[in-house]
Amino acid sequence: MTTSERASTGGSASQQPPVVELDNVEIVYDRHFLAVQGVSMEVQESDIVALLGPNGAGKSTVLKMISGIGRSERGEVTRGSVSYKGEDVTNYGANEMVDRGITHILEGRRVFEDLTVEENLRCGLYRDGRRFRFDVEDYRIAFEYFPQLEEILDLKAGYASGGQQQMLVVARALIHRPELLLLDEPSLGLAPKLVRDIFETLVEINREEDITMIIADQNAKRTLEIADYGYVMENGQVELHDPAAELMEREEIKEFYLGTSGDESRYRDIRHYKIRKRWT
Amino acid sequence: MVDVTTFLDITVSGIGLGALYALIAMGFALIYKVTGVLNFAQGQIAMIGAYGVVFLGTGAVLSSPLPAFAALAATIALGIVLGIALERIVFRQFIGEPVLSVIIVTLALGGIFSGFIAFLFGRNFRAYPPELTFGSRIDLVAGATIQTAFAIAVLLALVVVAALMLFFRYTVTGSILRAAATDEQAAMVLGVSIERTIALAWTISIAITAIGGILLAMSSDGAGFSIEATGIIIFAAVVFGGLDSIPGAFIGAIVVGLLQEYGSFYFEGGTAIVDVGPGFGEILPLLFLLVVIVVKPYGLFGTERIERL
Ligand SMILES: Nc1ncnc2c1ncn2[C@@H]1O[C@H](COP(=O)(O)OP(=O)(O)O)[C@@H](O)[C@H]1O
Ligand SMILES: [Mg+2]
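All figures in this text were calculated on a predicted structure; none of them were measured in a lab. (Residues numbered from 1 in each chain as written. Chains lettered and ligands numbered in written order. Predicted model: local features only at pLDDT ≥ 70, side-chain atom pairs only at ≥ 80, totals over all residues. Heavy atoms only, no water.)

Engineer: Got a minute to help me understand the interface of chain A and chain B in this structure?
Structural biologist: Where interface size is quoted, it is often the accessible area lost as the parts come together. Chain A puts 33 residues into the contact, and the matching count from chain B is 25 residues. The tally of links between chain A and chain B comes to four salt bridges. K33 of chain B is the partner of D114 of chain A in a salt bridge, and the nearest nitrogen-oxygen pair spans 3.4 Å. At the junction of chain A with chain B, the criterion picks out nine residue pairs in polar contact (both at pLDDT 80 or more). (Contact = heavy atoms within 4.5 Å. Salt bridge = Lys/Arg side-chain N within 4 Å of Asp/Glu carboxyl O. Polar contact = N/O pair within 3.5 Å; in protein donor to acceptor, adjacent residues only side chain to side chain.)

Engineer: Is there a simple way to explain the coordination of the magnesium ion (ligand 2) in this structure?
Structural biologist: The expected angle between donors at a tetrahedral four-coordinate metal is 109.5 degrees. At an octahedral six-coordinate metal it is 90 or 180 degrees. Residue and element names in this part refer to chain A. In this structure, S60 (OG) and E107 (OE) serve as the protein donors to the magnesium ion (ligand 2), at separations of 2.0 to 2.7 Å. Here S60 is found in helix 2 (residues 59–67), whereas its partner E107 is found in the loop between strand 6 (102–105) and helix 4 (117–122), with 47 residues between them in sequence. Taking the relative accessible area as the measure of exposure, S60 reaches 16% and is therefore buried. Its relative accessible area of 33% is what places E107 among the partly exposed residues. (Donors = N, O, S within 2.8 Å, 3.2 Å for Na, K, Ca; no water. Helix = DSSP H or I, 4+ residues; strand = E, 2+ residues; numbered from the N terminus. Buried < 20%, exposed > 50% of the residue type's maximum accessible area, 1.4 Å probe, protein only.)

Engineer: In this structure, what is going on with helix 9 (residues 230–241) of chain B? I would like to understand it.
Structural biologist: Structurally, the α-helix is built with 3.6 residues per turn, so residues lying three or four positions apart point the same way. Residue and element names in this part refer to chain B. Between its first and last C-alpha, helix 9 extends 16 Å over twelve residues, near the 16 Å set by a 1.5 Å rise per residue. Of all twelve residues making up helix 9, ten are buried, and the element is well covered by its neighbours. The inward-facing, buried residues of helix 9 contact helix 1 (4–35), helix 2 (42–57), helix 8 (194–219), helix 10 (246–266) and helix 11 (280–295). The first or second residue beyond helix 9 is G242, which carries a positive phi of 105°. (Expected span 1.5 Å × (residues − 1).)

Engineer: Is there a simple way to explain the sheet that holds strand 6 of chain A in this structure?
Structural biologist: Within a sheet, each strand pairs with its neighbour through backbone hydrogen bonds, oriented either parallel or antiparallel. Residue and element names in this part refer to chain A. Taken together, six strands build an open sheet; the order of strands is 6-9-10-3-11-12 and the sheet is mixed. On the outer flanks of this sheet lie strand 6 and strand 12 (237–243), each paired with one strand and no other. Sheet twist, expressed as the average angle between the axes of neighbouring strands with direction ignored, equals 15°. Judged from the four bridges that link them, strand 6 and strand 9 (residues 180–184) form a sheet pairing that is parallel. In the sheet register, I105 faces strand 9, and the bridge partner there is L183. (Pairing = 2+ DSSP bridges. Axes fitted to C-alpha atoms, helices over the stretch in contact; angles between N-to-C directions.)

Engineer: How should the environment of L100 of chain B be read in this particular structure?
Structural biologist: Residue position: L100 of chain B is located in helix 4 (residues 99–121). Each C-alpha atom, one on L100 of chain B and one on A149 of chain B, is 39 Å from the other, the two residues being 49 residues apart in sequence.

Engineer: When you look at the packing of aromatic side chains in this model, what are you seeing that I'm missing?
Structural biologist: Working definition: an aromatic ring pair is given by the centre-to-centre distance plus the angle between the planes. Residues and elements named next belong to chain B. Counted under the stated rule, the structure contains eleven aromatic pairs over all chains. When the ring of F40 is compared with that of F235, the centres are 6.0 Å apart and the planes differ by 40°; the resulting orientation is tilted. Placement of F40 in the loop between helix 1 and helix 2 and of F235 in helix 9 is noted, with a sequence separation of 195 residues between them. With a centroid separation of 6.4 Å and 35° between ring planes, the pair formed by Y262 and Y266 is classed as tilted. In this pair, Y262 and Y266 both sit in helix 10, four residues apart, roughly one turn of the helix. In this structure an aromatic cluster arises from ring pairing among F7, Y262, F265 and Y266. Across from the ring centre of Y170, 5.6 Å away, lies the NZ or CZ of R169, which sits over that ring. (Phe/Tyr/Trp six-rings, centres within 6.5 Å; stacked < 30°, edge-to-face > 60°. Lys NZ or Arg CZ within 6 Å of the ring centre and 35° of its normal.)

Engineer: Just checking my understanding: could you explain the packing of helix 1 of chain B against helix 5 (residues 148–170) of chain B for this structure?
Structural biologist: Packed helices, taken two at a time, are described by their axes: the angle between them and the distance between them. All names here are of chain B. Orientation of helix 1 relative to helix 5, taken along the N-to-C sense of each, is 40°, at an axis distance of 9 Å. Classed by the angle they form, the pair helix 1 and helix 5 counts as oblique. Pair helix 1 / helix 5 crosses with left-handed handedness. In contact with S13, G16, L17, A19, L20, A22, L23, M26 and L30 of helix 1, helix 5 contributes F150, A153, V154, A157, L158, V160, V161, L164, M165 and F168. Class assignment of the residues belonging to the contact of helix 1 with helix 5 gives a composition of 17 nonpolar, two polar and no charged. (Parallel < 35°, antiparallel > 145°, perpendicular 65-115°, else oblique. Left-handed = near helix turned anticlockwise from the far one by under 90°. Nonpolar A, V, L, I, M, F, W, Y, C, P; charged D, E, K, R; others polar.)

Engineer: Sorry if this is basic, but what is going on with the site of ligand 1 here?
Structural biologist: Residues and elements named next belong to chain A. Taken together, 13 residues lie near ligand 1, and G56, K59, S60, T61 and E73 sit nearest. Here an oxygen atom of ligand 1 sits 2.7 Å away from a polar atom, N or O, in the main chain of G56. At 2.9 Å from a nitrogen atom of ligand 1 is found a side-chain nitrogen or oxygen belonging to E73. Burial of ligand 1 by the protein chains amounts to 71% of its free accessible area of 560 Å². (Near = heavy atom within 4 Å. Areas by Shrake-Rupley, 256 points an atom, 1.4 Å probe, with all protein chains shown as cover.)

Right under this line is the structure:
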């Protein structure tokens, strides 16, 4: 099955339940700040799913409630449900989701600055609060995809370049051997060449290691290029969703590409376009 | 006036005293680094260790005390048990609560401990069993000598410090502790249990602080309420070292130990070059604390955020 076929089959046609399923989810911070509303989403096994939208749209919030880390920020799913491989995991904590094979790469390249690159990698060896494996083989997967890291093992991570730090957080997550990888803004603040490299590596990882991915990013073009399916969020809601190839062909998305990608006003245009379309 | 042998003597005992303070200072820095809590009960926890040997190894309370070395070993073991117990019974209840409430809890605990010790032993100096006091001196280079009990205490302190450094540097658990201290959320999404990390930090901290107290008492032949004041003195060391740096706390402790020894020898009593007055040895580290706070508020090794453009 090719990726596009797989994506176009959707959830109903496949035998096993989707890896992640959000059903009409509402997410509230601090008991009364409504961040996400009525979001439904499906992520099929082995897919790369793009989560697009301007700053503040709710992309990170969705990822945080899937990985459970949102609970530590007083986030709560107040309506609807989140399931992982058919199991209801609504409002589960981060430790429970880590145990189920979800690794979340948080926004902003959160390396442990005063630890060396190697010590950072070591931290990928934990699960359930305990070390779950530890031998050279576990590091090999990191160096296979990011050979550069092997040369800076003793460098303090805080002194690594932005690109190296991005490689490090992905490598650290890989050592963790996830089944589902959540990436929040992996391209943020990186030079175009680096973004291309990182995204190419992500596709390789997705194929070779069979890791399902959700990538939230403002670089819609690059993300859709590698994705099977895409969701566009705005103001805490899903505005559009389609297989990535189709999404790229949509007028409103094309229009979005005309400007510099990542420009927020362009996203607002999508909405205007939709409204226009409804009236004509 | 300043005779070289004496100066060496004092330098050696200053470094030794610093190594003893280092255990208590590192216990303090570890907790601050991992939980953000300033533990103001350090002096009292050290004192519990110090009086533990009096309790188990002398006839002060028990009618049939343990042999001296058994009492010493048992008290060290009890220091570890105290760490586990305090974490379970007290500090675990406060995970997720504001840091300020925990700081106030440490103040309360300090008061309770010190009252409890005063109740059991009075506020007087209590000599250690004679086997632990030796009374002999060991010759060092250039005619300098050092008290045997003091030398043993310092050696033990250095062993604990080295073990701790190796633990942080070379074990996965050590890396995890430091990682969780730098970025709790990033550690959590990697499967690190914050509860377990905090429990481990408290246990290690309280254990080394109690051991520090035991060795501090051993170096001066017995336990006294003066150990309570180390809770304040090590504050100078830790602030100098940068509050959240464990190697910094060690170096700060050595500096404070030296200052205190120089202060009490050269600026106080019959040996003074300039006699400032009694107790100046203990005041000097605190004057130093003030200077550090004014001149270098983040200390020598405090976390400087690495900014990248
Ligand atoms: N921890 C939090 N507490 C309260 N509000 C939050 C928190 N995180 C995000 N928000 C709010 O939720 C909304 C969605 O934010 P976010 O999910 O970060 O968007 P995106 O990742 O698409 O930029 C924003 O209005 C943001 O201010
Ligand atoms: Mg975001």
